[in-house]
Protein chains: 2
Amino acid sequence: MRTAAIVLIGNELLSGKVADENAIWLIGRLRALGVQLRRVTFVADDAQAIGDELIRVTTQVDDVFTSGGVGPTHDDITIESVAAAFGVPVVRDAELEALVRGHFGERLRADHLRMADVPAGSELVHGGEIRWPVVHFRNLWILPGVPQIFRAKFDGIADRFRAGAFFLRSIYLDADEGEIAPLLRRVQAEHCVEIGSYPRIDRAEYRIRVTVEARAAGPVDDAVAALLDGLAVAHVVRIDPAAGSAE
Amino acid sequence: MRTAAIVLIGNELLSGKVADENAIWLIGRLRALGVQLRRVTFVADDAQAIGDELIRVTTQVDDVFTSGGVGPTHDDITIESVAAAFGVPVVRDAELEALVRGHFGERLRADHLRMADVPAGSELVHGGEIRWPVVHFRNLWILPGVPQIFRAKFDGIADRFRAGAFFLRSIYLDADEGEIAPLLRRVQAEHCVEIGSYPRIDRAEYRIRVTVEARAAGPVDDAVAALLDGLAVAHVVRIDPAAGSAE
């Protein structure tokens, strides 16, 4: 199963000055692609914190997507933090330098060229409609924080991460979690599915949503049937009729 | 300066089955209280992942707030994960047991009593209008995932985290980050403030928002004046008139 992590870099997200738009979007996209997301982290603009987190997650999952810290200003430290963490120098990439020079023309300033810097050993990955490639260093995909560019760049390379769909059904219950916990535990143990249980206190319609998911529809339907066998009819408010490919 | 981290526990957040409501809310509340949030993590329902993250963040910040994994079902493993990570047993708390028994009465099931379990050495902290105390273990504050209860429990104990306001002003520019990068770097170095620079490509009104913040209004106003001195008049679209207590 292909696994991933998201690392959002920026003080502005932690202070609430800017609300995250990228993690919430990428969670949905990775789900649609069938990638299992294992972790999301918001870290401060601090080279040590960025480096520690990246060193750690790159060993735990197949692909790590970073967002932010790649512009020309003093608080853009992602490239140098990656390089320091992995013990490689920062180098100016000729292809990126040509793109930056072409884009800014006579308006070019020295700081713009920081956007042509990459950790040594990076490759540039092209794809989609956007002219600027994605910087790929080991299993890190270094994406910008500006939401429109983040999305366009990810969509340009998304196909390479496609890993097969998830199948999901939900059962909505008027019951208490403690009552159904033994049943959930038994069905979870006997079927090759993942069962989740999510209480709500603000929905008149139901009190618990139980989710059943797997990589194929058959096990999901079997586990749902086993759950329904064990539940009192009076507790079941609604069932998703069939296991659909879930996003 | 009081610092904090948020750790959200639950596969449902990583798969997108449930959208986070708690981190986004607590980011705003901590900001309003003047607490510096250093890190937010979404981790899976995996004892090792939960334990590793908590061991790590509890040494880095003053207070760690967890959300989720404290109900009675098989996927609720926060308490046992904390206990295992810190090498203490799980114990049944008498006060919580009495609350659970009182709440469920004749409907009580064995699994309900899991909600009375805590890592040994925890204290219960009361506050606010909610009858159920918050479980406090070392510098961890263990909160539930259900948003309404998460909020009520945090608000019940919020006053103890109050740490003084942040002051923030924003300057909205029709300029390019590369042009202003040297100015931002110089003013950042000469003033005791934190300067941020956030480009947008979807606002007709401005292209960059520059933020200046500090723990007092004076340094913010001084740094804003220094920035305005260095900026071309034509670039400045709008300025927040005064340093306000920022949330």
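Per chain, the residues get numbers from 1 upward, laid out in the order the sequence is written. Whichever chain is written first is A, and whichever ligand is written first is 1; the rest continue in order. In view of the model being predicted, local features appear only for residues whose pLDDT reaches at least 70, and side-chain atom pairs are presented and counted only at 80 or more, with totals across whole chains, interfaces and linings using the full set of residues. Side-chain numbers come from the whole structure's heavy atoms, not from hydrogens or water.

1. As for the overall build of chain A
As a reminder, the rule being used: A helix here means a DSSP run of H or I that spans at least four residues, while a strand means a run of E at least two residues long, and both kinds are numbered starting from the N terminus. Throughout, the radius of gyration refers to the C-alpha atoms, and the reference size of a globule is 2.2 Å times the residue count to the power 0.38. Exposure is judged per residue with a 1.4 Å probe applied to protein chains only, and the accessible area is read against the type maximum: over 50% gives exposed, under 20% gives buried, and values in between give partly exposed. Method for areas: the Shrake-Rupley scheme with a 1.4 Å probe, in which residue coverage is limited to the protein chains shown.
Scanning chain A from terminus to terminus reveals eight helices and 13 strands. Relative to its length of 247 residues, chain A is extended, with a C-alpha radius of gyration of 22 Å against a globular reference of 18 Å. Projected onto its principal axes, the C-alpha positions of chain A cover 70 × 35 × 30 Å. Taking all 247 residues of chain A together, the buried fraction comes to 54%. Accessible surface for chain A amounts to roughly 10,100 Å². Of this, 51% is attributable to carbon and sulfur atoms.

2. Here we look at the sheet that holds strand E7 (residues 134-137) of chain B
The condition that has to hold: Pairs of strands are assigned from DSSP output, requiring at least two bridges between the strands. Axis definition: a line fit to C-alpha positions, over the contact stretch in the case of helices; interaxial angles, taken between N-to-C directions, run 0 to 180 degrees. Contacts were defined at the residue level, with two residues in contact if any of their heavy atoms lie within 4.5 Å.
A sheet is described by the order of its strands in space; here 12 strands give the open sequence E6(A)-E7(A)-E8(A)-E3(A)-E1(A)-E2(A)-E2(B)-E1(B)-E3(B)-E8(B)-E7(B)-E6(B), paired in mixed fashion. What marks the edges here is a single partner per strand, and that holds for strand E6 (123-125) of chain A together with strand E6 (123-125) of chain B. When strand polarity is set aside, the average angle formed by the axes of neighbouring strands in this sheet is 20°. For strand E3 (residues 63-67) of chain B and strand E8 (residues 140-143) of chain B, the ladder comprises four bridges, and the chain directions are parallel. Of the residues in E8 of chain B, the one forming a bridge with Ser-67 of chain B is Leu-143 of chain B. Contacting strand E2 (36-43) of chain A together with strand E1 (3-9), strand E2 (36-43) and E3 of chain B, helix H2 (residues 22-33) of chain B crosses the sheet at an angle of about 170° to E1 of chain B.

3. Description of the domain arrangement of chain A
Residues and elements named next belong to chain A. This is how the line gets drawn: Domain ranges listed in this record stem from an automatic or a database domain assignment. Each of two parts loses accessible area, computed with a 1.4 Å probe, when they are put together; buried area is these two losses added. The term salt bridge refers to a pairing of a side-chain nitrogen on Lys or Arg with a carboxyl oxygen on Asp or Glu at a separation within 4 Å. Definition of a polar contact: a pair of N or O atoms within 3.5 Å, with one able to donate and the other able to accept a hydrogen when the atoms are protein atoms, and with sequence-neighbouring residues admitted only if both atoms are side-chain atoms. Under the scheme applied, nonpolar residues are Ala, Val, Leu, Ile, Met, Phe, Trp, Tyr, Cys and Pro; charged residues are Asp, Glu, Lys and Arg; polar residues are all the others, including Gly.
According to the domain assignment, chain A contains domain 1 (3-161) and domain 2 (166-246). Opposite the four residues of domain 1 that make contact, domain 2 presents five residues. Together, Arg-31, Gly-34 and Gln-36 form the three largest contributors to the area buried by domain 1 at its contact with domain 2, with a combined 94%. Between Arg-31 and Glu-213 there is a salt bridge; the shortest N-O distance is 2.6 Å. Between the two partners, domain 1 and domain 2, sit two residue pairs in polar contact (both at pLDDT 80 or more). Counted by class, the side of domain 1 that touches domain 2 contains one nonpolar, two polar and one charged residues.

4. Re empty space enclosed by the protein
Residue and element names in this part refer to chain B. Here is the rule we go by: Using only the protein atoms, space was sampled on a 1 Å grid; points where a 1.4 Å probe fits but cannot get out form cavities, open sets with protein on both sides within 12 Å along at least five of seven lines form pockets, and lining residues are those with an atom within 4 Å of a point. Grid points are joined across faces, edges and corners, and a volume is the space filled by probe spheres set on the points.
Taken as a whole and assessed by the stated rule, the structure comprises one cavity of 30 Å³ or more. In this structure, the largest cavity occupies an estimated 30 Å³ of space. Lining the largest cavity are Ile-171, Leu-173, Ile-180, Leu-183, Leu-184, Val-210, Leu-227 and Leu-231. Where the lining of the largest cavity is concerned, the elements lending two or more residues are strand E9 (166-173) and helix H7 (177-190). Element by element, the count of residues in the lining of the largest cavity is highest for H7, at three residues. Along the lines of polarity and charge, the residues of the lining of the largest cavity split into eight nonpolar, no polar and no charged.

5. So, the relation of the copies chain B and chain A
We count it as follows: Residues below a pLDDT of 70 in either copy are left out; the C-alpha atoms of the rest, at least 70 in both, set the least-squares superposition of the copies.
Between chain B and chain A, the superposition needs a rotation of 180° and an axial shift of 0.0 Å, giving an RMSD of 0.0 Å. When the rotation and shift are considered jointly, the pair of chain copies conforms to a two-fold rotation axis. For chain B, the smallest separation between a C-alpha atom and the rotation axis is recorded for Thr-41 of chain B, amounting to 2.2 Å. Of the residues that chain B buries at the interface, 100% are likewise interface residues in chain A, meaning the two copies contact each other through the same surface.

6. Some points on the packing of helix H3 (residues 47-58) of chain A against helix H3 (residues 47-58) of chain B
Definition in use: These descriptions rest on fixed angle ranges, namely under 35 degrees for roughly parallel, over 145 for roughly antiparallel, 65 to 115 for roughly perpendicular, and the rest for oblique. Two helices crossing with the near one rotated counterclockwise from the far one by less than a right angle form a left-handed crossing, whereas a clockwise rotation gives a right-handed crossing.
The N-to-C vectors of H3 of chain A and H3 of chain B enclose an angle of 165°; their axes lie 14 Å apart at closest approach. Taken together, the axis directions place H3 of chain A and H3 of chain B in an arrangement best described as roughly antiparallel. Relative to H3 of chain B, H3 of chain A is oriented so that their crossing is right-handed. Together, Asp-52, Glu-53 and Arg-56 of chain A of H3 of chain A and Asp-52, Glu-53 and Arg-56 of chain B of H3 of chain B make up the contact between the two elements. Residue composition of the contact of H3 of chain A with H3 of chain B, by class: no nonpolar, no polar and six charged.

7. Structural notes on the packing of H3 of chain A against helix H4 (residues 78-86) of chain A
Residue and element names in this part refer to chain A. Taken N-terminus to C-terminus, the directions of H3 and H4 make an angle of 60°; their axes are 9 Å apart at the nearest point. One element, H3, and the other, H4, form an angle in the oblique class. At the point where H3 passes H4, the crossing takes the right-handed sense. The residues of H4 that touch H3, namely those facing Ala-47, Ile-50, Gly-51, Leu-54, Ile-55 and Thr-58, are Ser-81, Val-82, Ala-85 and Phe-86. Tallied by class, residues from the contact of H3 with H4 come to seven nonpolar, three polar and no charged.

8. Notes on the packing of aromatic side chains
To keep it simple, the criterion reads: Any two of the Phe, Tyr and Trp rings considered here, Trp counted by its six-membered ring, make a pair once their centres fall within 6.5 Å; the pair's planes then place it as stacked at under 30 degrees, edge-to-face at over 60, or tilted in between. In our convention, an over-ring charge means Lys NZ or Arg CZ found within 6 Å of a ring centre and within 35 degrees of that ring's normal.
Using the criterion set out here, one finds 17 aromatic pairs over all chains in the structure. Centroid distance Phe-154 of chain A to Phe-161 of chain A: 5.9 Å. Interplanar angle 10°. Geometry classified as stacked. Judged by its relative accessible area of 0%, Phe-154 of chain A is buried. Its relative accessible area of 1% is what places Phe-161 of chain A among the buried residues. Considering the side-chain rings of Tyr-172 of chain A and Tyr-206 of chain A, the 4.9 Å spacing of their centres and the 70° angle between planes classify their relative orientation as edge-to-face. Of this pair, Tyr-172 of chain A sits in strand E9 (residues 166-173) while Tyr-206 of chain A sits in the loop between strand E10 (194-199) and strand E11 (208-214), and the two are 34 residues apart along the sequence. Through a chain of ring-to-ring contacts, three or more aromatic side chains come together here, namely Trp-25, Phe-65, Trp-141, Phe-150, Phe-154 and Phe-161 of chain A. Positioned above the aromatic ring of Tyr-172 of chain B, the side-chain terminus of Arg-238 of chain B is 4.0 Å from the ring centre.

9. Concerning the side chain of Ser-170 of chain B
Residue and element names in this part refer to chain B. For Ser-170, the location among the structural elements is in strand E9. Judged by relative accessible area, which is 1%, Ser-170 ranks as buried. Engagement of the side chain of Ser-170 in a polar contact is seen with the side chain of Arg-209, the distance being 3.0 Å. With near-sequence residues (within four places) excluded, Ser-170 lies in contact with Arg-209, Val-210, Thr-211, Arg-238, Ile-239 and Asp-240.

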